[in-house]
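# Residue-level structure breakdown
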Amino acid sequence: MLTEEIALGMRVRYPRTGTTGAVVRIEQVAGNQFAELDSTHLLYRTDQLIPAEQTNRSATTITEDAKEVIRREREFAGGSELQEALKNIDQSCEGGG
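Residues numbered from 1 in each chain as written. Predicted model: local features only at pLDDT ≥ 70, side-chain atom pairs only at ≥ 80, totals over all residues. Heavy atoms only, no water.

## Quick word on the overall build of the protein chain
Inclusion rule: Elements are defined by DSSP. Helices are runs of H or I of four residues or more, strands are runs of E of two residues or more, and each kind is numbered from the N terminus. Between buried and exposed lies partly exposed: a residue is buried under 20% and exposed over 50% of the maximum accessible area for its type, with that area taken using a 1.4 Å probe on protein chains only. Only heavy atoms enter the contact rule, under which two residues are in contact if any of them lie within 4.5 Å. Under the convention used here, a 1.4 Å probe and the Shrake-Rupley method define accessible areas, while residue burial counts only the protein chains that appear.
When helices and strands are counted, the protein chain shows two helices and five strands. Shown N-terminal to C-terminal, the secondary structure of the protein chain runs as helices and strands in the order β-β-β-β-β-α-α. Out of the 97 residues in the protein chain, the part that is buried amounts to 15%. Counting only contacts in the protein chain whose residues sit at least 6 apart along the sequence, the fraction spanning at least 24 positions is 31%. With an accessible surface of roughly 7900 Å², the protein chain has 51% of that area assigned to carbon and sulfur atoms.

Have a look at this one:
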C-alpha cells in the first residue's frame, strides 16, 4: 500500500501475521513511515500494510437450557454404556515416564 494512502481511522491488515486494526497514529522513524494500530498499539511499516475488508458476518451462538443439558448428562451417566465402560478399566494411571 502506498504510504500516501494511509489515513487515521483507516482499517488495515498486516498480512504477515494477520493483525488487523484501525490506524491511530502515523509516525516517521529513520526515513520510514509507520502506523500504530489500535488492536496491538504496535508500529507497522505502512508499505507492508494492506486495506482490511469489512466483514458483516454475525456469529451464531447456540444457547441451550441448563436444565436440558443436566438432564441429558444424567441420562448418559446412568446409562448402560458408561457403566459398561467403567467395568473395563483397571483404575490405573498409565501416564508414562
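## Quick word on the sheet that holds strand β5 (residues 50-51)
Just so we agree on the cut-off: Any two strands are treated as partners once DSSP identifies two or more bridges connecting them.
The strand order across the open sheet built from five strands is β4-β3-β2-β1-β5, with neighbouring strands paired in antiparallel fashion. Looking at which strands have only one partner, the edges of the open sheet turn out to be β4 (43-45) and β5. Both strand β1 (residues 11-14) and strand β2 (residues 19-29) contribute to a ladder of four bridges, which runs antiparallel. In the sheet register, Arg-13 faces β2, and the bridge partner there is Thr-20.

## Here's the deal with the pairing of strand β3 (residues 32-37)
Two elements, β2 and β3, share six bridges in a ladder whose sense is antiparallel. What sits directly across from Val-29, in β3, is Asn-32. Here β2 hands over to β3 after two residues, with Ala-30 in that stretch at a positive phi of 50°. Where β3 and β4 come together, three bridges link them in antiparallel fashion.

## Some thoughts on the nonpolar core
Put simply, the test is: Remark: nonpolar core denotes a set of buried residues (Ala, Val, Leu, Ile, Met, Phe, Trp, Tyr, Cys) joined through side-chain atoms within 4.5 Å.
Judged by nonpolar contacts, Ile-6, Val-12, Tyr-14, Val-23, Ala-35, Leu-37, Tyr-44 and Leu-49 together constitute the single largest core of eight residues. Sequence-distant contacts of Tyr-44, that is, excluding residues within four places in its chain, are made with Tyr-14, Thr-19, Gln-33, Phe-34, Ala-35, Leu-37 and Leu-49.

## Concerning the pattern of salt bridges
Applicable threshold: Within this document, salt bridges are pairs made up of a side-chain nitrogen of Lys or Arg and a carboxyl oxygen of Asp or Glu, the two lying within 4 Å of each other.
In total, this model carries five salt bridges according to the counting rule given. Ionic pairing is found between Asp-47 and Arg-45, a salt bridge with its closest N-O pair at 2.6 Å. As a salt-bridge pair, Glu-68 and Arg-71 come within 2.5 Å of each other at their nearest N and O atoms. Note that Glu-68 and Arg-71 are positioned in helix α1 (residues 66-78) at a spacing of three residues, about one turn of the helix. Looking at Arg-71, the relative accessible area reads 41%, which means it is partly exposed. A cluster of three or more residues bridged by salt bridges with shared partners is formed by Arg-25, Glu-27 and Glu-36.

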